[in-house]
Each structure stands twice: as structure tokens, then as C-alpha cells.
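Report on the structure
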Amino acid sequence: MMGRRTFRMAAAALLTTTMIGCGGNGGSASDDGFDATVRTTTGGIPHIKAADYGSLGYGIGYVQARDNLCVLAEEFLTIKGQRAEFLGRDGSYTIHANGATAGNVDSDFFWRFLISDERLQELADAALPEAEAASRGYAAGFSRYVKEIKRGQHAGRHQSCRNAAWVRPIDLSDMYRRYIRLGVLASSSVFPTEIANAAPPATGTGGGAPDPQDLLDALPADALPFELPENLGSNMYGFGADATQNGQSMLFGNPHFPWRGTERLYQMQLTLTGDTSANIFGSSLYGVPAVLIGFNEHLAWSHTVSTAFRFSFYELKLNPADPTQYLFDGEFVDMESEDIRIQIQETDGSLTESTRTLYRSRFGPMLELSVSGVPVLSWNGVTAYTLRDANLENTRLIEQFFRWNRADSLEEFIDLHGDVLGIPWVNTVAVGPGQDPYYGDVSVVPNVPDSKVQTCPSLLTPVFAQLLPGLPVLDGSRSECDWDSDDDAPADGIFGPSNLPTQRRSDYVTNCNDSYWLTNPAEPITGFARIIGAEETERSLRTRLCILHAEERIDGSDAQTIGNVVDGLEGNTGFTLEQLQDIALSSHLYSARLARDTVVDQLCNPTGTVLSSNGPVDATTACQTLADWDLATNLDSRGGHLWREFFTRAQQASVPIWLTPFDANDPVNTPRDLNVLNPQVQLAFGDAINAINAAGFAPDTPMGDIQYSGIHPDERIPIFGGLGNPTGSFTVVGDAPLDETGYPVKFGNSYIQTVTWEPGCSNDCTPIAEGFVTYSQSTDPANPHYKDQTRRYSAKDWVRFPFTEAEIAADPNLTVERLSE
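As a starting point, this report considers the structure included with it.

Each value, and the rule that gives it
- Residues numbered from 1 in each chain as written.
- Predicted model: local features only at pLDDT ≥ 70, side-chain atom pairs only at ≥ 80, totals over all residues.
- Heavy atoms only, no water.
- Helix = DSSP H or I, 4+ residues; strand = E, 2+ residues; numbered from the N terminus.
- Buried < 20%, exposed > 50% of the residue type's maximum accessible area, 1.4 Å probe, protein only.
- Polar contact = N/O pair within 3.5 Å; in protein donor to acceptor, adjacent residues only side chain to side chain.
- Contact = heavy atoms within 4.5 Å.
- Disulfide = S-S within 2.5 Å.
- Pairing = 2+ DSSP bridges.
- Axes fitted to C-alpha atoms, helices over the stretch in contact; angles between N-to-C directions.

**Quick notes on the side chain of Gln707**
Position of Gln707 among the secondary structure elements: in strand β29 (residues 707–709). Classification of Gln707 as buried rests on a relative accessible area of 1%. Within the structure, the side chain of Gln707 is placed 3.3 Å from the side chain of Arg644, a separation counted as a polar contact. At 3.0 Å, the side chain of Gln707 and the backbone oxygen of Ile719 are in polar contact. Look past the residues within four positions of Gln707 in its chain and what remains in contact with it is Arg644, Ile717, Pro718, Ile719, Phe720, Gly721, Val733, Tyr743 and Val745.

Structure (C-alpha cells):
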């Protein structure tokens with residue numbers, strides 16, 4: 001029987017310091033110290049060169065603090081569980097990348113509970129020496145900049161936080177907390193409030209287990225299926241010789257990430273000299289001393305968020321006499337309890353202490369979850385629910401990228417994908433010069449085959465089959481319901497690479513956030529566990545457009561479908577880099593391609609009026625605008641906002657809006673044919689006209705006068721693009737509601753890279769790469785790189801990425817700085 005243990009925060013802090021050897025001075029330097037050279041080129045791109053990993057990390061930590069101090073310092077404060085101590089009881093924190101918001105108090109309890117000393121020690125024990133060195137170096141470089149700020153240097157910079165007590169040096173344990181936080185982005189961190197407030201009922205209270213049908217009846221129709229608050233998306237292509245005009249491979253990568261917070265991507269080139277050499281250009285999430293999406297002479301790669309679940313729930317059968325004991329293999333065992341203490345700054349400035357006792361089962365933390373106000377995972381007198389998180393157990397995430405960053409070939413990159421198997425929640429596409437592109441969802445997935453879901457059902461299995469299809473809720477009372485293990489997996493409980501989907505082709509592979517099934521529609525991928533993704537099911541409109549953009553460029557038919565917004569497509573087939581770039585930013589809407597003509601021909605009518613929820617509406621100008629519209633949301637496009645308001649409403653109809661249903665034998669072209677006889681579709685059009693009128697915009701107002709960067713308040717920078725879902729835009733912006741200012745963009749296209757190499761080259765080839773950091777490199781308004789790339793993105797003025805020594809030296813805006821300690 002598992003004994004009940006109670007941990008104290010004071011002992012935990014002491015233990016952490018002892019285990020990973022960090023003090024408050026920013027981490028111990030090596031005997032030789034740190035020495036890095038930072039060359040910064042146009043757009044604020046740092047090219048960091050050093051002879052060892054510690055110095056490389058030092059340079060990264062310093063420049064990321066220089067450009068984004070306040071955002072990073074708040075992140076380190078948050079994951080250390082000290083928000084309430086420094087920022088007070090009443091604030092909150094949102095992880096913009098997954099939409100989870102928690103009050104400061106709940107946030108502190110959650111992170112102190114989730115990132116235990118055992119987890120930190122496991123990560124420290126598993127760290128590659130070079131990863132540990134780079135992490136120590138990052139902490140030292142970040143801390144150096146903090147100390148300079150506190151001494152009054154860098155006048156005018158970081159005004160919102162430079163004098164705050166919570167802006168402090170960091171150490172190695174802070175870096176490891178950051179890695180864990182990134183690993184659980186699509187799992188545990190979605191539930192901070194649900195875990196931080198989970199508590200057993202008093203003995204003899206709490207009621208009985210819910211009836212599954214009663215739960216389904218209580219849930220509103222729009223809660224099925226329930227969408228986890230994950231706001232991440234992406235598009236990516238890998239093109240081979242059969243898809244390009246010159247026969248050279250190409251890659252397009254474009255994560256759709258928040259424009260706020262620490263899941264912004266930071267662009268940099270890392271060059272390691274000395275005994276171990278490496279040279280990689282790309283981007284990283286804040287607080288990570290490695291390139292996560294990038295390229296060099298040998299390969300290029302990108303990621304999209306995968307459909308696979310990274311966790312499962314377990315249903316526990318409780319001891320009626322003690323709700324903190326649960327049945328396991330015929331015996332009642334104790335949950336593990338932990339007393340968490342936090343400090344809270346009250347409104348008068350005083351500090352008070354608060355304590356909660358939180359619980360874990362053998363699987364992981366206990367939690368309570370409600371959906372639309374209906375308790376679904378409840379801790380009652382009979383059952384309770386716990387979460388097992390594969391990425392909380394994943395100690396290989398940082399190893400994966402450090403080893404990828406020094407891969408010498410595409411083949412080595414692919415081998416490492418499966419051998420390390422540390423990717424937490426993304427698909428991968430990679431190409432190499434003159435080589436066939438590769439796709440793989442070789443990532444950390446709980447090993448729950450469909451057969452285990454059938455043999456280990458819980459009371460809520462039928463509920464989650466409708467609520468969150470593919471997410472298992474397993475019986476936690478039997479050891480045979482534990483996750484399986486594969487012989488080729490690097491850790492217990494996850495699928496090995498032989499049970500994860502991959503594909504290589506000579507034409508193209510793509511992913512735009514649906515499952516692996518239609519990586520290339522000519523060769524559907526099937527036969528994998530449902531927890532990884534759905535097969536032979538309807539794809540999003542954005543995925544369908546991703547596929548069509550590739551197929552139509554390869555056969556040349558896009559000259560007819562998008563030739564009005566992309567020049568130079570007539571009379572040729574296959575991609576050039578310039579055509580790939582033009583198509584990527586074309587802002588064409590697939591929903592409009594499918595349905596605009598139907599709306600104009602059948603919803604618009606000779607009376608000039610249409611119905612709305614508030615009665616008849618004059619649609620004369622709206623109908624003429626749509627008839628003249630270019631089906632895009634470029635800055636000069638007129639009608640895109642009207643379509644966005646209409647189609648988002650139409651998609652919410654309670655009955656299907658398409659006359660031709662989905663057909664698994666024609667998945668790219670179905671469903672289609674808008675049903676304008678559907679009364680909800682009719683009302684959606686009238687309501688859209690009312691919405692834009694209420695906001696003060698005419699139907700023919702150009703998109704550039706409506707949509708703008710929502711993170712640069714000192715300048716209205718127009719932004720093109722549309723909603724990936726539901727309107728089917730490849731060029732993506734966030735779903736901010738229309739108001740009198742228009743659409744403020746705070747999410748969407750982020751780091752964009754288009755990469756190829758010299759034609760005919762197949763080894764050690766100079767990369768040809770262009771792109772953007774759409775929101776720019778810095779979050780500090782006083783920084784010269786606060787909005788420079790955003791302006792260029794608005795103008796579709798692609799930034800050339802200097803890679804070679806000659807390209808860097810020739811940059812007209814080059815600055816050089818040596819950092820040593």
C-alpha cells in the first residue's frame with residue numbers, strides 16, 4: 001500500500017538547490033567563463049557565435065532578456081509559483097498558447113504542485129551535458145542583463161518592469177521549470193484551476209457517481225464536442241523534386257502562435273565553433289537555448305500542432321469511508337498528499353500565508369472539471385478523477401532539439417526523431433537539399449491502443465466519446481489498464497516510432513493541424529490508434545486549402561482559382577520560392593471559393609433585403625460588394641470582413657450547412673454546396689450586415705482599414721489574413737471579435753520561413769531563406785526591433801535571412817557585440 005506523504009516548501013527549496021547546484025547569482029560559470037559574439041542584422045536577428053555551449057547559451061540569454069525582459073521575467077515568476085507574493089491576490093495569468101487562465105493564487109498552487117522536486121531532479125539527471133551547459137549559460141546571460149538594468153544601465157528600456165522587485169536573476173532550476181512548462185502546454189497546463197482546486201469531499205458526503213446519460217442530457221448542444229482551450233495552429237509543407245520547377249527541395253513553415261506571452265517565437269542563428277561545431281538558423285520559444293524550427297546547409301524543418309492527446313484521465317473507485325483512498329488491484333491505497341504554502345501580497349502591502357493540501361494518485365494529479373457549468377469530472381463520495389500526463393514524464397524534450405541542431409543530414413535528423421522521441425506535441429516536416437520530404441507525428445503519445453479503451457472502460461467512457469472523441473477515460477482500479485509500453489520506445493508508457501505515423505514522398509507532404517491521415521491525399525495514412533488522430537473524417541477548410549494550394553500549383557490549375565490574387569501562375573507548373581511565398585500570403589478564403597457565388601446568386605434577391613434576427617435588412621451594398629470581392633482578405637480586399645461575420649455565424653448552425661456531405665473517398669472536395677434554404681444560414685447573412693454596420697464599417701471598406709496589429713498601440717499597422725477556421729484561410733489571424741476599432745490581431749502567423757538551396761546541390765548547400773517574425777523580435781516599445789518586422793510583414797516585404805559569413809558581413813544594419821563574463 002502506498003503511504004501518504006506530506007512535503008514542505010522550505011525543504012523543497014533547499015532540496016532543489018542541492019540537487020542541481022544553483023544559487024541566486026544566475027548559475028555557476030565554467031572555469032573558463034562565458035564568451036560569445038553577437039552580430040545583429042536587419043530585423044533584429046542575432047547571430048550568436050561561441051566556442052562552447054555554455055557561452056552560446058550565455059549569448060542567447062542576454063539577447064532574449066535585452067529584447068523581452070518583462071515577458072520573460074513574469075514567466076519565470078509564474079512557474080516558480082510566486083505571482084501572488086509579488087503581484088497580489090487579485091491578478092491572473094493567461095497562457096495565451098492554450099487559453100488557460102488562472103488567478104494568481106490558483107496559479108501559484110498549481111505550479112508549485114505540478115513541478116515537484118522529483119520532476120526537476122529527473123530532468124537534471126537526464127540532461128545532456130551540452131544542454132545543461134547551455135541552460136546554465138542562458139541563466140547567467142539573462143541574469144547579467146537583469147543586473148545591468150538594476151544598476152541603471154539601458155536607460156529607457158523595459159519601463160513597465162525595470163524597477164519591479166520580481167525582475168530578478170534566474171538559475172538552472174528556473175530553466176528546467178521553463179522546459180517542463182513548455183512540455184505540458186497541451187496537457188496539464190490546460191487545467192491549472194481544475195488541479196489547484198481539486199479537494200476531497202468530507203467523509204460521508206459528496207453523493208454518488210454521476211449517471212452518464214444524465215451528464216449528456218445536462219450538457220448544452222454546443223458543448224459537444226468540447227474544445228480544449230488550445231489556441232495553437234500552424235501550416236507547413238515539404239516539397240520534393242516532383243513539386244518544384246527547378247527540382248530542388250523546398251520547405252514552408254508557419255506556426256500560428258500568440259503575438260503575446262512567452263510562446264512568441266524568437267529568431268536567431270547559433271554557431272558553435274571549437275571541438276564540436278554546429279551552425280543552425282531558425283527560431284525558438286522564449287527561454288529555450290536551442291533552435292526549435294530552423295535550417296542550415298543540410299536540412300530544414302518545421303512543426304504544426306498535432307491532434308494526438310498527450311494525457312489520459314483515470315477514473316478512481318473510492319473507499320466510502322475515506323475519499324482519499326482508491327481501489328487498485330483489489331486493495332485500497334492512499335493518495336499522496338502535499339501541503340503547498342504560498343505567500344500572498346494583500347492590498348495593504350502585507351504578506352499573508354495560504355496553505356492547500358493537494359493530492360496525487362499513482363497516475364498523477366487529482367482534478368475536477370466542469371463543462372459549461374456541468375460537473376463532468378467530479379470528486380464525489382464514490383468516484384474521483386486523475387490525470388496522467390506523458391509529457392510531465394518526458395525528460396527528452398531538450399535533448400531532441402540539441403541533437404537535431406547538430407544533425408549533419410536529413411537522414412540523421414529522421415533517425416533522431418524516433419531514437420530520442422522527445423517531441424512533446426507537434427508534427428514535423430523536414431527536407432534536405434535534393435532529397436524527398438519527410439513527415440512524422442513521432443511524438444510523445446500515451447500508449448493507449450483502441451483495444452485498451454474497449455477493455456478498460458470507465459463510467460464516463462460513453463460521455464467522452466461525444467465530449468472529446470479520442471481522449472481515453474480509463475478504469476484506474478486495475479493494473480492491466482496502465483498504459484502499454486513498446487519495445488522500441490525510449491520510455492515506458494508511450495508509443496514507439498513503429499506505432500506512430502510517418503511518410504516520405506517525392507512530391508510533397510503537408511500538415512495544417514488535422515491528423516496525419518491526409519499528409520498527401522494520394523497516399524492516405526491509416527491504421528493508427530485513435531488517441532493519435534482521426535482517420536477518414538472530415539478535414540477543416542484550412543487543411544483542404546493547404547492541400548489544394550499544393551495540388552493546384554503542381555498541375556498549374558491555380559492560375560484559374562487564385563490567379564486574381566497571385567501573379568505569375570499562368571503557363572507554368574510546380575513551385576518557385578517566390579510563388580510559394582505569394583501563395584502563402586495570398587489570404588485566399590476557401591469558404592468563399594465554395595460559397596460566395598451561391599450567396600450572391602441565391603441569398604441576394606431583387607428586393608434588396610434579407611432577413612436577420614432583428615428583421616429585414618438592406619443588403620444592396622453588401623451583395624454588390626460580395627459580387628465584386630476577390631475572395632481574399634488582403635489589405636486592399638473589400639468584403640472580407642462581411643464574409644467573416646457571415647460565415648462564422650453560418651458555421652454555428654445546429655444543422656449541416658452543406659448539401660453535399662463529407663465523403664471519405666473525396667475528402668478534399670467535401671462537404672460542399674451551401675444550403676441557403678437553411679434558415680440559420682439566411683439569418684447569418686443579415687446578422688453579419690447588422691454587425692459590420694454596428695461597428696461602423698461599410699461592406700466595401702478595405703480590410704487594411706479594419707484589421708491591424710493589436711500589440712502595437714502606438715501605431716496602427718494594417719494586417720492581412722483571415723480565420724483559419726472556420727473560414728478556411730491559409731494566411732491566418734486570430735479570432736478577435738469585430739468592434740468599433742476593427743479586428744485587433746493578437747494571434748496568427750508568427751515565425752515564417754521559406755527555405756531552399758542552390759539548384760542541383762545535394763550536400764553542404766548554402767540555404768536560400770526568407771521570412772518574417774510577424775510581431776517583430778522585441779516586446780519592449782523602446783527597442784528598435786519592436787515593430788520593424790511587423791511593418792515589413794504588412795507590406796509583404798520578405799526579409800532575407802543572412803546565413804553565411806559573407807551574407808552577415810554584408811548586412812547594411814550589422815552591429816557586433818562581444819559578451820564575456
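And the narrative resumes.
**Quick notes on the state of the cysteines**
Taken as a whole, this structure holds five disulfides when the rule is applied. Each sulfur of the disulfide joining Cys604 and Cys623 lies 1.9 Å from the other. Disulfide Cys604-Cys623: the torsion about the S-S bond is -95°, which places it as left-handed. Taken together, the residues span a long stretch of sequence, with Cys604 in the loop between α17 (590–603) and β25 (609–612) and Cys623 in helix α18 (residues 620–628) at a distance of 19 residues. Each member of the pair, Cys604 as well as Cys623, carries the same accessibility label: buried. Each disulfide pairs two cysteine sulfurs, and for Cys761 the partner residue is Cys765, the sulfurs being separated by 2.0 Å. Around the S-S axis, the bridge from Cys761 to Cys765 shows a dihedral of about -95° and counts as left-handed. Assessed through its relative accessible area of 1%, Cys765 is described here as buried.

**Here we look at the sheet that holds strand β1 (residues 35–41)**
Spatially, ten strands are ordered β23-β21-β20-β10-β9-β8-β7-β2-β1-β37 in an open sheet, and the strand pairing comes out mixed. Each having just a single partner strand, β23 (502–504) and β37 (815–820) make up the two edges of the open sheet. Shown here is a sheet whose adjacent strand axes are inclined to one another by a mean of 20°, direction ignored. The sheet contact formed by strand β7 (residues 265–272) and strand β8 (residues 278–285) spans eight bridges and is antiparallel. Bridged to Leu270 within β8 is Ile280. Where helix α11 (residues 410–420) meets the sheet, its contacts fall on β10 (300–305), β20 (426–431), β21 (438–440) and β23, and the angle it forms with β20 comes to roughly 160°.

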